[in-house]
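# Close look at the chain arrangement
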Amino acid sequence: MAAKAERKLRVVADNRKARFNYFIDETMEAGVALTGTEVKSLRAGRASLADGFALVSDGEVWLHNVHIPEYTQGTWTNHVPRRTRKLLLHRGEIERLVRKTSEQGLTLVPLSLYFKDGKVKVELALARGKRTYDKRHDLAKKDAAREVERALRRRR
């Protein structure tokens, strides 16, 4: 049997601040239930995950505060830009998320929004918030690595 071909991923939005503000413990992929104008707006490459988060309520996972702007050629059927959107996960995954978020104090943060085989997917992370001193420590470590790289480049 032939190996599956590589799946094409086209990233629409990336939450770069999430890796700065949170310790990422685990990531997973989830589908997103969208309307037609939301998909068309995403195909145009417009979305923002800056303030986004996910919550589990009544056995379903919902994505909050993700901004998908209105479709420019849309009519009266256009969508609301910051509506809550349902995430599509298996029952076992949802139950595991409920356990982790309630017991361990983790939160669900969207890392990226992308197209995979024509379907919109979101990469969710189980994350723990960083304190200010953690962020300063990460910045100092990054600066030190940058200085070492510069010194090595000058030496060559």
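What you are looking at is a predicted structure, and each value in this text was computed from that prediction instead of being measured.

## Concerning the nonpolar core
Counting residues in hydrophobic clusters, the biggest one holds 24 residues, and the most contacted among them are Leu 42, Ala 54, Val 61, Leu 87, Leu 89, Leu 97 and Leu 113. If you list the elements that add at least two residues to this core, you get strand E1 (9-14), strand E2 (22-32), strand E4 (60-64), helix H3 (91-103), strand E6 (107-116) and strand E7 (119-129). Examining the composition of this core, we find that 4 residues originate from one element, E7, more than from any other. Ignoring sequence-local partners within four residues, the contact set of Val 61 consists of Ala 54, Leu 55, Val 56, Arg 85, Lys 86, Leu 87, Leu 89, Ile 94, Leu 97 and Leu 108. In this structure, Val 109, Leu 111, Ala 125 and Ala 127 belong to the second largest nonpolar core, which totals 5 residues.

## Description of the side chain of Asn 15
Of note, Asn 15 is situated in the loop between E1 and helix H1 (16-21). At 3.2 Å, the side chain of Asn 15 and the backbone oxygen of Leu 49 are in polar contact. Beyond its immediate stretch of four places on either side in the chain, Asn 15 contacts Leu 49, Ala 50, Val 109, Pro 110 and Leu 111.

## Looking at the pattern of salt bridges
Opposite charge on two side chains makes pairing possible when the charged atoms of those side chains draw close. All told, the structure shown has 9 salt bridges when counted by the stated rule. Lys 116 is the salt-bridge partner of Glu 29, the closest N and O atoms lying 3.3 Å from each other. Linking Glu 29 in strand E2 with Lys 116 in strand E6, this pair joins segments that are 87 residues apart in sequence. We classify Glu 29 as partly exposed; its relative accessible area is 32%. Taking the shortest distance from any N to any O, the salt bridge between Asp 143 and Arg 146 comes out at 3.1 Å. Within this pair, Asp 143 and its partner Arg 146 are both found in helix H4 (residues 132-155), separated by 3 residues, close to a single helical turn. Given the relative accessible area of 41%, Asp 143 is considered partly exposed. Several salt bridges share partner residues, and in doing so they unite Glu 26, Arg 96 and Lys 100 into one network.

## Re the pairing of E4
Only one face of E4 is buried, namely the one carrying Val 61 and Leu 63, since none of Glu 60, Trp 62 and His 64 on the opposite face is buried. Joining the antiparallel neighbours strand E3 (residues 53-57) and E4 is a turn of 2 residues, in which Asp 58 adopts a positive phi near 55°. The sheet contact formed by E4 and strand E5 (residues 85-88) spans 3 bridges and is antiparallel. Each bridged residue has a counterpart across the sheet, and for Val 61 the counterpart in E5 is Leu 87.

## Section: unusual backbone geometry
Note: most peptide bonds trans; most residues except glycine with negative phi. Even without being glycine, Asp 58 reaches a positive phi, approximately 55°. Structurally, Asp 58 can be placed in the loop between E3 and E4. Its relative accessible area of 81% is what places Asp 58 among the exposed residues. Located in the positive-phi region is Asn 65, a residue other than glycine, with phi close to 60°. Along the chain, Asn 65 turns up in the loop between E4 and E5. The class for Asn 65 is partly exposed, based on a relative accessible area of 31%.

Cut-offs and rules
- What you see as residue numbers is a count from 1 along each chain, following the sequence as written.
- The model is predicted, so local features are restricted to residues of pLDDT at least 70 and side-chain atom pairs to those at 80 or more, both for listing and for counting; the totals for chains, interfaces and linings are taken over all residues.
- Here the side-chain values reflect all heavy atoms present in the structure, with hydrogen atoms and water set aside.
- What makes a nonpolar core is a set of buried Ala, Val, Leu, Ile, Met, Phe, Trp, Tyr and Cys residues whose side-chain atoms join them at distances within 4.5 Å.
- Partly exposed describes any residue whose relative accessible area lies between the buried limit of under 20% and the exposed limit of over 50%, with all areas from a 1.4 Å probe on protein chains only and scaled to the type maximum.
- Each helix is a run of DSSP H or I of at least 4 residues and each strand a run of E of at least 2, with the numbering of both proceeding from the N terminus.
- Note on contacts: a residue pair is in contact if any heavy atoms of the two residues lie within 4.5 Å.
- Counted as a polar contact is a pair of N or O atoms within 3.5 Å, where, for protein atoms, one must be capable of donating a hydrogen and the other of accepting one, and residues adjacent in sequence contribute only when both atoms are in side chains.
- Any Lys or Arg side-chain nitrogen found within 4 Å of a carboxyl oxygen on Asp or Glu counts as a salt bridge.
- Here, any two strands with at least 2 DSSP bridges between them count as paired.

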